[in-house]
Amino acid sequence: MEITIYHNPRCSKSRQTLALLEENGVNPTIVEYLKTPPTHQQLDSILRGLELEPQQLMRKGEAEYKELGLDNQDLSRDQLIDAMIKSPKLIERPIVVVGDQVVIGRPPENVLTILN
């Protein structure tokens, strides 16, 4: 089964999650999402797998969150997903996808729940 990690090498939690996967014999597909953001369809699928709405997966402390007014409750799901694709550092990290299961590696040990 293919395992994908949406990874930011500058993030300690992301690095720890990748190391934990590798320690467990997993050689995941690594997507550096800041360089290669997910498509609208991929991000929508990730959100559905996490059972989250877009704002719940956003890093609200990022300047773009406030600058773009992403706390506006009138924005549609599609508008919020598009904003995350245009400014991928808004996306919480790391995200690990195993088949149709998705987990956020915060804490990194969360990924162990979907490896079996």
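A few points on the structure. (Residues numbered from 1 in each chain as written. Predicted model: local features only at pLDDT ≥ 70, side-chain atom pairs only at ≥ 80, totals over all residues. Heavy atoms only, no water.)

### Looking at the overall build of the protein
The helix and strand tally for the protein stands at four helices and four strands. What you see in the protein, going N to C, is helices and strands ordered as β-α-β-α-α-α-β-β. Its C-alpha atoms give the protein principal-axis dimensions of about 45 × 25 × 20 Å. Taking all 116 residues of the protein together, the buried fraction comes to 46%. Long-range contacts, defined as pairs at least 24 residues apart, comprise 63% of the intrachain contacts of the protein with a sequence gap of at least 6. As presented, the protein carries roughly 6600 Å² of accessible surface, and 46% of it is formed by carbon and sulfur atoms. Between the centroid of the 13 positive side chains of the protein and the centroid of its 17 negative side chains there is a distance of 7 Å. (Helix = DSSP H or I, 4+ residues; strand = E, 2+ residues; numbered from the N terminus. Buried < 20%, exposed > 50% of the residue type's maximum accessible area, 1.4 Å probe, protein only. Contact = heavy atoms within 4.5 Å. Areas by Shrake-Rupley, 256 points an atom, 1.4 Å probe, with all protein chains shown as cover. Lys, Arg positive; Asp, Glu negative; His and termini not counted. Charge placed at Lys NZ, Arg CZ, Asp CG, Glu CD.)

### Some thoughts on the sheet that holds strand S1 (residues 3-7)
Taken together, the four strands give an open sheet; going across it, the order is S2-S1-S3-S4, and neighbouring strands pair in mixed fashion. With partners counted over all chains shown, the strands left at the sheet margins are strand S2 (29-32) and strand S4 (101-104), one partner each. On average, each strand axis in the sheet is tilted by 20° relative to the strand beside it, whichever way the strands run. Examined bridge by bridge, S1 and strand S3 (residues 95-98) share four bridges and lie antiparallel to one another. Counterpart to Thr4 in the pairing with S3 is Val97. Strand contacts of helix H1 (residues 12-23): S1, S2 and S3, with the helix running at about 160° to S1, the strand carrying the most contacts. Each of S1, S3 and S4 touches helix H2 (residues 40-50); the most contacted strand, S4, lies at about 85° to it. (Pairing = 2+ DSSP bridges. Axes fitted to C-alpha atoms, helices over the stretch in contact; angles between N-to-C directions.)

### Structural notes on unusual backbone geometry
A cis geometry characterises the amide bond from Arg93 onward to Pro94, with omega recorded as -15°. Checked against the element boundaries, Pro94 lands in the loop between helix H4 (77-86) and S3. Following Arg106, the chain continues into Pro107 via a peptide bond in cis, with omega recorded as 0°. Despite not being glycine, Glu51 shows a phi value in the positive range, around 55°.

### Regarding H4
Within the span of H4, buried status applies to Leu80, Ile81, Ala83 and Met84. Burial along H4 is one-sided: seen end-on, the buried residues are contained in an arc of 155°. (Arc of directions from axis to C-beta.)

### Section: the nonpolar core
Core analysis: the largest hydrophobic core is formed by 21 residues, its most contacted members being Tyr6, Leu43, Ile46, Leu57, Leu70, Ile91 and Ile95. Within the residue set of this core, elements represented by two or more residues are H2, H4, S3 and S4. With sequence-adjacent residues up to four places away left out, Leu43 is seen in contact with Pro38, Leu57, Ile81, Met84, Ile85 and Ile91. (Core = buried A, V, L, I, M, F, W, Y, C linked by side-chain atoms within 4.5 Å.)

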